[in-house]
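Structural description and commentary
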Amino acid sequence: GRYANRVAEGKFTLDGKEYTLFNKNGYSLHGGPDGFHNQVWDVIAQTPNSVTFEYTSIDGEEGYPGNLTVKVTYLLTDSNEVKIDFEATTDQKTVLNVTNHAYFNLHGEGNGDVLDHHITIPSSHFLPTNEMQLPLTATPVENTVFNFKNGGVIGENMDMSDPQLEIAKGYDHSFVVEQPTEDVIASAYSEKTGIELSVYTTEPSVHLYTGNWLGGVDVGKSGDTHGAFSAFCFETQHFANTPNRPDFPSAVLDKGEVFKSTSIFKFSIKK
């Protein structure tokens, strides 16, 4: 946050006024270096199985307009779900795109890469990108390496001769969520452990990232370092660069409106 993923040239125009963001390599990423992921949030509520955090992003922080108050509640349910609820209000029209960027390895942390994970993404369209990984027009997944409608293995078609995979060094692409909220919009499965992850969301896209740029710097609880492909992400979010793309579902939040978003990560054992 405020805007997860990329914003082209680190700028956007809202009601005729241009706003300038942090810009590196031709885009702003994840709200900038001092985005929500690098802030200390306040705990405002908690129960034995939930916690609610709150953060107020002041007008002009990282270049974004409006004093924005964001709440996020993490709830662990009796159905082995991690439910994430976002809520936000602003005193001035702004743009907002929040996501959860958790990394998953269903073999267990420190137990190899995720290239043999089975994944299913029922979307019929994905967003190819340009050389700066900014989204182009939604494209059918048919006859591409992005067709996971009926399931597939992450590394099975990771042929870097594919122009899209070559740009991103793997999968780092958004898929259009076309199903009702109650349907699974993405899932993954490990044959080694039997653990299955199912994802549900109210967001218009899910972004598959296969940890292509993990550089072996971060150390996990096993003591092992996390290199490329050691984990994957299912990031539920709005499309990248939406503030500059009126053809995408709007990411504008106006004064008096309440932004709400829910994503669920459910775990089970596949027999």
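Residues numbered from 1 in each chain as written. Predicted model: local features only at pLDDT ≥ 70, side-chain atom pairs only at ≥ 80, totals over all residues. Heavy atoms only, no water.

Attention now goes to the sheet that holds strand β13 (residues 152-153). Pairing between the strands of a sheet comes from backbone hydrogen bonds, and it takes one of two forms, parallel or antiparallel. Across the sheet, which stays open at both edges, the 9 strands sit in the order β5-β6-β7-β8-β20-β16-β15-β10-β13 with antiparallel pairing between neighbours. Each of the sheet's edge strands pairs with one partner strand only, and the pair in question is β5 (42-47) and β13. Both strand β10 (residues 118-120) and β13 contribute to a ladder of 2 bridges, which runs antiparallel. Each residue of the ladder has a partner; that of His 118, found in β13, is Val 153. (Pairing = 2+ DSSP bridges. Helix = DSSP H or I, 4+ residues; strand = E, 2+ residues; numbered from the N terminus.)

Now for unusual backbone geometry. A cis geometry characterises the amide bond from Gly 1 onward to Arg 2, with omega recorded as 0 degrees. Within the secondary structure, Arg 2 sits in the segment before β1 (6-8). For Asn 80, which is not glycine, the phi torsion reads 60 degrees and is therefore positive. Residue placement: Asn 80 occurs in the loop between β7 (68-76) and β8 (81-90). Assessed through its relative accessible area of 49%, Asn 80 is described here as partly exposed. In this structure, Asn 143 takes a positive phi of about 60 degrees despite not being glycine. Among the structural elements, Asn 143 can be located in the loop between β12 (139-140) and β13. Residue Asn 143 is classed as exposed on the basis of its relative accessible area of 81%. (Buried < 20%, exposed > 50% of the residue type's maximum accessible area, 1.4 Å probe, protein only.)

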